[in-house]
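# Fold and contact review
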Amino acid sequence: MTLEEKLRNLPISPGVYLHKDEAGKIIYVGKAKNLRNRVRSYFHTGRGHDRKTRELVKRISDLEFIVTDNEVEALVLESNLIKQHRPRYNVLLKDDKQYPHLKLTINEPFPRVMITRRVQRDGALYFGPFLPASLARRTIDLINRTFQLRTCDIEIDGKLPRPCLEYHIKRCLGPCVRELCAPPEYMEAVRDVRMFLEGKNKELGDQLETRMAQSAEEMKYELAAKYRDLRKTMLALSEQQKMATSPERDVDIFGYYREGARLALQLFTMREGKIVGRREFFWEDLSEDEFNPSSFLSDVLTQYYSTDYVPREIHVPVDFEDRELLEKALGERKGRRVRILDPQRGEKRDMIALVEKNAKIAFEQRFRVLKPDMERVLEELQETLELPRLPVRIESFDVSNISGAENVAGMVVCENGKMNRAEYRKFRIKTVEGSNDVASMHEAVLRRYRRQLEEQKPLPDLVMIDGGRGQLGAAAAAMRELALEAIPMIGVVKPPRRHNEISHLLVKGREHEPVYLDSHSPVLRFLQMIRDETHRTALAYHRKRRELRDFTSELTEIPGVGEKRKNRLLKNLGSIQRVANAGVAELSPFVGQKTAEEIVEHFKRQRALAEGGQSESAENGNNAGLLRHVDAANGNELPAAPAAAAAATTGHDDPTVMTDEVIDGEHIETRLVDPEGDADDLQPIRSVDQSGQVIKPRKRTRKGGECSTNPHGIKREKLGDESDQD
């Protein structure tokens, strides 16, 4: 990505940014509360930059950034990176000053707490860093006043005749005098201090709250205030600083983010307790259905550490099967034990979450799935296809059928870069026999824009055809018949055996000059999104038509059941599943005793045949390529019905409409609400009671102008027909 593209896609999170020159050398490291606003401010003219900043901006050719959870972490990380890279335009500290830590000297007989800026391996416990430094001073002051650990550096043997002033002002337990404080009492105070500094806030906080309440009841208000202040400080210290820990930490931290076949892996390297660098890896051809995070990480770690430095610890987001074997191999290489951990909570898990957050941003930057400036994408599409105007409205067509059966087409509309589902249309191909995608495309395009012209509705700025030269030519011929040849058209060509990708584009009038797009181009992703939505719409409509054919033809195959009895059953029972599962007593009121027995016996035979056919097919393996239909109520296979039965059922274009007729003087419309099986059953539009009588709709009780009784603003879906009604 260019520098301009990176500037457009900067996140609004806190973090650290690194400016680089033409040679790729880091020349400045900075921190920001909002990376987007801070980094962009360097390139705004008229900001009144000083001379040093103007010289820096002239030399910036590239930038990187690392996202953190808060500003404090950004401050610590900035300090570490400045000391590591020593950029030219940063103010470099000549001394080795570090952020303050608190040191608990548990290696002494009577431990004490002190402030230090150097962390050493001397057996003591170190806590920090504390930012700002005043927080460390307030903490140690509260520790001395509350827990009363000693502050002196003399040798404690209990033989002094009297204590110092610190004891008299209640800032020390006085272990220097044997009669004042026994060693067990002093060590209990040390344990409280350690619990406090280790962040065990819940346990210690409960104790402090209890002591505070008890002191208030006893009217010891000064002591209660002391506990109150300590509790406030604990809340300030509860936010863990993950970017700087003890110097013994030598860790590699992995995190990844994946979408489909693409994945971004991020590695943070922590050396001597400081984040000193990161690496990024990308994949574009992973298996979408068979991706296994455990095996993926196992392969990655095995390959990466075959040549790279091995740290003491490796943190990964998920465990994997060969972890112990890899630990043993890496331990032999390093000469000491290497641990691979998959932490589930705490500071280590927070660090992995932070790495995964950066991996997601890297994924978005690499594969351009950050929400792009849609106007810029449309302008680039206009320039690429040499369109006369900005393609604000794009309409896309696709055809779907199985060997010519249930031949349909789907059309979607994209306006200003967003899909407008209200404008989607579906076409049942009427004039084409057999599998002829070219002729089907011609009919769908002709019917669509003939109606648009008749109803004086808006025309598109660009028409997309999912297909090659043949489909594009048929669509162009339909547009010429309507005198609309001036509307630009393109064909989206798929590569062989890779139907989820786009090979190239064919522009009407320039078919001999195919247009190839970069695999990371936002224009390609935009067109692929429209193409996928078109294919999904056409395929879903085809499946609905096929389900409609199977369901409506099943009842008419039963002897004694004609169209009237079929409609009566569907009207009262609501679905083919309920009819198939109903008993003679339930069916008799609508079709009579004899026919009810025929229906029950028919479905009983079908289930027996389906069970036998499934077992026989499993043994012989000769069921490949056959279209099988399964009863959604019980999972049994139903016999295939002739395609012609669908035409006799309804002349309606909407696949959800199973019947639309007048029965006994009453208009009845039975719908297939969810033919793909998302709902539990098929529901009729009209409700009936147990006796089969139609339940009259409730009268409207709300007067005009009154507020709705829908408190949550739930949108009720319209049941109108969205399909083409030519």
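Everything below is about the structure shown above.
Conventions used here
- Residues numbered from 1 in each chain as written.
- Predicted model: local features only at pLDDT ≥ 70, side-chain atom pairs only at ≥ 80, totals over all residues.
- Heavy atoms only, no water.
- Helix = DSSP H or I, 4+ residues; strand = E, 2+ residues; numbered from the N terminus.
- Buried < 20%, exposed > 50% of the residue type's maximum accessible area, 1.4 Å probe, protein only.
- Contact = heavy atoms within 4.5 Å.
- Areas by Shrake-Rupley, 256 points an atom, 1.4 Å probe, with all protein chains shown as cover.
- Expected span 1.5 Å × (residues − 1).
- Pairing = 2+ DSSP bridges.
- Phe/Tyr/Trp six-rings, centres within 6.5 Å; stacked < 30°, edge-to-face > 60°.
- Axes fitted to C-alpha atoms, helices over the stretch in contact; angles between N-to-C directions.
- Left-handed = near helix turned anticlockwise from the far one by under 90°.
- Nonpolar A, V, L, I, M, F, W, Y, C, P; charged D, E, K, R; others polar.
- Salt bridge = Lys/Arg side-chain N within 4 Å of Asp/Glu carboxyl O.

## Observations regarding the overall build of the chain
A count of helical and extended segments in the chain gives 21 helices and 23 strands. With 726 residues in all, the chain has 46% of them scored as buried. Within the chain, contacts between residues separated by at least 24 positions form 60% of all contacts whose residues are at least 6 apart in sequence. When the accessible surface of the chain is summed, it comes to about 39200 Å², and 48% of that surface belongs to carbon and sulfur atoms.

## Comments concerning helix 14 (residues 437-454)
Compared with an ideal rise of 1.5 Å per residue, which puts 18 residues at 26 Å, helix 14 spans 26 Å between its outermost C-alpha atoms and is within 8% of the ideal. Looking only at helix 14, the buried set comprises S440, M441, E443, A444, V445, L446, R447, R448, Y449, R451 and Q452. Of the residues trailing helix 14, Q456 is marked for its positive phi of about 55 degrees.

## Focus on the pairing of strand 16 (residues 462-466)
The element strand 16 is largely enclosed, with a buried count of 5 among its 5 residues. Residues L462, M464 and D466 point to one face of strand 16 and V463 and I465 to the other, with burial holding for every one of them. Two elements, strand 12 (residues 393-402) and strand 16, share 4 bridges in a ladder whose sense is parallel. Within the sheet, the bridge partner assigned to S396 lies in strand 16 and is M464.

## Focus on unusual backbone geometry
Backbone geometry places E386, a non-glycine residue, at a positive phi of 55 degrees. Tracing the chain through its elements places E386 in the loop between helix 13 (374-385) and strand 12. Even without being a glycine, A483 presents a positive backbone phi close to 60 degrees. Structurally, A483 can be placed in the loop between helix 15 (469-481) and strand 17 (489-493).

## Quick notes on the packing of aromatic side chains
Applying the stated criterion across every chain yields a total of 8 aromatic pairs. For the pair Y28 and Y42, a centre-to-centre distance of 6.3 Å together with 65 degrees between the ring planes defines the contact as edge-to-face. Pair noted here: Y28 is in strand 2 (residues 26-32) and Y42 is in the loop between helix 2 (35-41) and helix 3 (51-59), with a separation of 14 residues, a long-range link. Take Y42: its relative accessible area is 5%, and that puts it in the buried class. The structure contains a cluster of three or more aromatic residues connected by ring pairs, namely Y17, Y28 and Y42.

## What to know about the sheet that holds strand 1 (residues 15-20)
Sheet strands pair via backbone hydrogen bonds, and the direction of the pair is either parallel or antiparallel. Taking strand neighbours across the sheet as the criterion, the 3 strands line up as 2-1-3 in an open arrangement whose pairing is antiparallel. The sheet is open, and its two edges are formed by strand 2 and strand 3 (62-67), each paired on a single side. Mean inter-strand twist for the sheet, computed between neighbouring axes without regard to direction, equals 20 degrees. Here strand 1 pairs with strand 2 via 6 bridges, running antiparallel. Across the sheet, residue H19 finds its bridge partner in strand 2, namely Y28.

## Considerations on the environment of R448
With respect to the helices and strands, the residue R448 is situated in helix 14. Exposure remark for R448: the relative accessible area of 5% places this residue in the buried category. Sequence-distant contacts of R448, that is, excluding residues within four places in its chain, are made with R393, E395, F397, M411, R425 and F427.

## As for the packing of helix 14 against helix 15
Remark: helix 14 packs on helix 15, axes separated minimally by 8 Å, with the N-to-C direction vectors making an angle of 30 degrees. Relative to helix 15, helix 14 is oriented so that their crossing is right-handed. Every residue of helix 15 that contacts helix 14 at D437, V438, M441, H442, V445, L446 and Y449 is listed here: G470, Q471, A474, A475, A477, A478, M479 and E481. Classifying every residue of the contact of helix 14 with helix 15 by side-chain character gives 10 nonpolar, 3 polar and 2 charged.

## Section: the environment of A476
Its location among the elements puts A476 in helix 15. Taking relative accessible area as the criterion, A476 reaches 6% and is therefore assigned buried. Leaving out residues up to four positions away in the same chain, A476 has contacts with M489 and K508.

## Considerations on the pattern of salt bridges
As enumerated under the stated definition, the model contains 28 salt bridges in all. Here E313 ties to K348 by a salt bridge, and the two come within 3.9 Å at their closest N and O atoms. You can see E313 sitting in strand 10 (residues 313-315) and its partner K348 sitting in helix 12 (residues 346-367), a full 35 residues away along the chain. According to the relative accessible area criterion, E313 is buried, its value standing at 15%. Salt-bridge contacts for K457 lead to E455; the nearest nitrogen and oxygen are separated by 3.0 Å. According to the relative accessible area criterion, E455 is partly exposed, its value standing at 40%.

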